[in-house]
Amino acid sequence: MSKKTFKNLISACVPVQIDNVDTDQIIPARFLKATSREGFGENLFRDWRYNSDNSLKTEFVMNSGKYFGRILVAGNNFGCGSSREHAAWAIVDAGFDVVVSSFFADIFRGNSLNNGLLPVQVSPAFLQEIFAAVNQDPKTELQVDLESQKITLLSNGHSEPFDINPYKKMCLINGFDDIDYILSLKDKVEAYEKSKEFNF
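Residues numbered from 1 in each chain as written. Predicted model: local features only at pLDDT ≥ 70, side-chain atom pairs only at ≥ 80, totals over all residues. Heavy atoms only, no water.

### Considering the environment of Lys 7
Which entries qualify depends on this criterion: Numbering goes from the N terminus for both helices and strands, where a helix is a DSSP run of H or I of at least four residues and a strand is a run of E of at least two. The contact definition used throughout considers only heavy atoms, calling two residues in contact when any of these lie within 4.5 Å.
Within the secondary structure layout, Lys 7 lies in the segment before strand 1 (8-16). As a C-alpha pair, Lys 7 and Leu 172 span 165 residues in sequence and 7.7 Å in three-dimensional space. Setting aside residues up to four positions removed in sequence, Lys 7 forms contacts with Val 144, Asp 145, Leu 146, Glu 147 and Ile 173.

### A closer look at helix 4 (residues 106-114)
Our working definition: Burial classification: accessible surface area is computed with a 1.4 Å probe over protein chains only, and a residue below 20% of its type maximum counts as buried, one above 50% as exposed, and the rest as partly exposed.
Along helix 4, the residues that are buried comprise Phe 108, Asn 111, Ser 112 and Leu 113. Those residues of helix 4 that are buried are in contact with helix 1 (23-26), helix 3 (86-93), strand 3 (98-101), strand 4 (118-121) and helix 6 (166-174). Phi turns positive, to about 80 degrees, at Gly 116, one or two residues after helix 4.

### So, the pairing of strand 1
What counts, and what does not: Note on pairing: DSSP must find at least two bridges between two strands before they are called paired.
The buried count for strand 1 comes to seven of nine residues, which makes it a mostly enclosed element. As judged from the five bridges shared by strand 1 and strand 5 (residues 141-145), these two strands associate in the antiparallel manner. Along strand 5, the bridge assignment pairs Ser 11 with Leu 142. Examined bridge by bridge, strand 1 and strand 2 (residues 71-74) share four bridges and lie parallel to one another. From the neighbouring strand, Val 16 faces strand 2, where its bridge partner is Ala 74.

### Topic: helix 6
Among the residues of helix 6, Lys 168, Lys 169, Cys 171, Leu 172 and Ile 173 are the ones counted as buried. Where helix 6 terminates, the next one or two residues include Gly 175, which has phi positive at roughly 75 degrees.

### Here's the deal with the nonpolar core
The following threshold applies: Only buried Ala, Val, Leu, Ile, Met, Phe, Trp, Tyr and Cys residues count toward a nonpolar core, and they belong to the same one when joined by side-chain atoms within 4.5 Å.
By size, the foremost hydrophobic cluster in this structure holds 51 residues, and its most contacted members are Phe 78, Val 100, Phe 108 and Leu 118. Broken down by element, the residue count for this core peaks at six residues, all from helix 5 (residues 124-136). Residue contacts for Phe 78: discarding those within four places in its chain leaves Val 21, Ile 26, Phe 45, Leu 72, Ile 91, Val 99, Ser 101, Phe 103, Phe 104, Ala 105 and Phe 108.

### A short note on the packing of aromatic side chains
Here is the rule: Two aromatic rings from Phe, Tyr or Trp, using only the six-membered ring of Trp, form a pair when their centres are within 6.5 Å; if the ring planes differ by under 30 degrees the pair is stacked, by over 60 it is edge-to-face, and anything between is tilted. Lysine and arginine charges are scored as sitting over a ring when NZ or CZ, respectively, is within 6 Å of the ring centre and within 35 degrees of the ring normal.
Using the criterion set out here, one finds six aromatic pairs in the structure. Both rings, one in Phe 45 and one in Phe 60, keep their centres 6.0 Å apart while their planes meet at 65 degrees; by these two values the pair is edge-to-face. Taken together, the residues span a long stretch of sequence, with Phe 45 in the loop between helix 1 and helix 2 (46-49) and Phe 60 in the loop between helix 2 and strand 2 at a distance of 15 residues. With respect to burial, Phe 45 and Phe 60 carry one shared label: buried. What links up through ring pairs into an aromatic cluster is the set Phe 45, Trp 48 and Phe 60. Lying over the aromatic face of Tyr 50, Arg 46 brings its terminal NZ or CZ to 4.1 Å of the ring centre.

### Quick look at the side chain of Ser 11
Stated precisely, the cut-off is as follows: For this analysis, a polar contact is any N or O atom pair within 3.5 Å, provided that within protein one partner can donate a hydrogen and the other can accept it, and provided that sequence-adjacent residues contribute only side-chain to side-chain pairs.
Take Ser 11: it is sitting in strand 1. Among the polar contacts listed, one links the side chain of Ser 11 to the backbone nitrogen of Arg 70, at a separation of 2.8 Å.

### Section: the sheet that holds strand 1
To keep things clear, this is the line we draw: Note on geometry: axes are lines fitted to C-alpha atoms, helical ones only across the stretch in contact, with angles between N-to-C directions running from 0 to 180 degrees.
Taken in spatial order, the seven strands line up as 4-3-2-1-5-6-7 in an open sheet, and their pairing is mixed. The open sheet has two edge strands with one neighbour each: strand 4 and strand 7 (158-161). The sheet shows a mean angle of 30 degrees between the axes of neighbouring strands, taken without regard to direction.

### Focus: the packing of helix 3 against helix 4
In a packed pair of helices, the relevant descriptors are the angle between the two axes and the axis-to-axis distance. Worth spelling out the cut-off: Every angle not falling under 35 degrees, over 145, or within 65 to 115 is termed oblique; those three ranges are roughly parallel, roughly antiparallel and roughly perpendicular. When the near helix sits turned anticlockwise from the far one by under a right angle, the crossing is termed left-handed; a clockwise turn instead gives a right-handed crossing. Any residue that is not Ala, Val, Leu, Ile, Met, Phe, Trp, Tyr, Cys, Pro, Asp, Glu, Lys or Arg is counted as polar, Gly included; the first ten are nonpolar and the last four charged.
Between helix 3 and helix 4, the shortest axis-to-axis distance is 8 Å and the interhelical angle comes to 50 degrees. For the element pair helix 3 / helix 4, the angle class is oblique. You can see that helix 3 and helix 4 cross each other, and the crossing is right-handed. Residue-level contacts link Ala 87, Ala 88 and Ile 91 of helix 3 to Phe 108, Asn 111 and Ser 112 of helix 4. Grouping the amino acids of the contact of helix 3 with helix 4 by side-chain chemistry returns four nonpolar, two polar and no charged.

Printed below as a string of structure tokens:
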């Protein structure tokens with residue numbers, strides 16, 4: 001298996017309450033020269049996190065020291081703009097397993113699922129409820145249950161279902177990428193081929 005499995009996650013959140021975040025804001029184009037997936041996390045939201053002298057912008061949420069966890073809660077229309085897969089790489093490399101928004105760009109959604117990052121789309125009202133709870137108490141936790149396709153705000157028990165492509169759901173639960181999935185069928189393929197060997 002090329003990726004870790006995902007079934008159920010309970011975690012605090014990092015709220016990036018900004019709408020229309022494009023992939024160049026997620027990972028600026030000047031950092032796209034590398035070809036491996038490692039190392040992009042340090043440049044996630046680079047221009048929002050760092051000054052020109054590489055010092056931290058303390059006002060940005062990821063630098064405040066208040067918020068932590070494996071769930072990134074983003075504003076509406078997250079991942080718009082160019083189709084760069086590096087945006088998903090950067091989020092995963094920064095330690096996130098889930099990103100929550102009320103709307104994702106289609107290409108970003110696909111790139112996320114292909115790289116072990118679960119995009120959970122919720123209603124605008126529920127997203128604002130999550131933001132309000134997390135802003136009030138940074139220790140607020142969400143539960144993301146992939147098997148039942150449900151996200152729950154644990155502070156009050158409110159929850160919503162979310163959609164996911166059945167094939168991508170299976171891949172995340174088993175830790176498969178597309179090649180792993182094909183390899184998982186090897187025994188069935190070989191058995192089928194063997195059954196046809198003498199059927200001329």
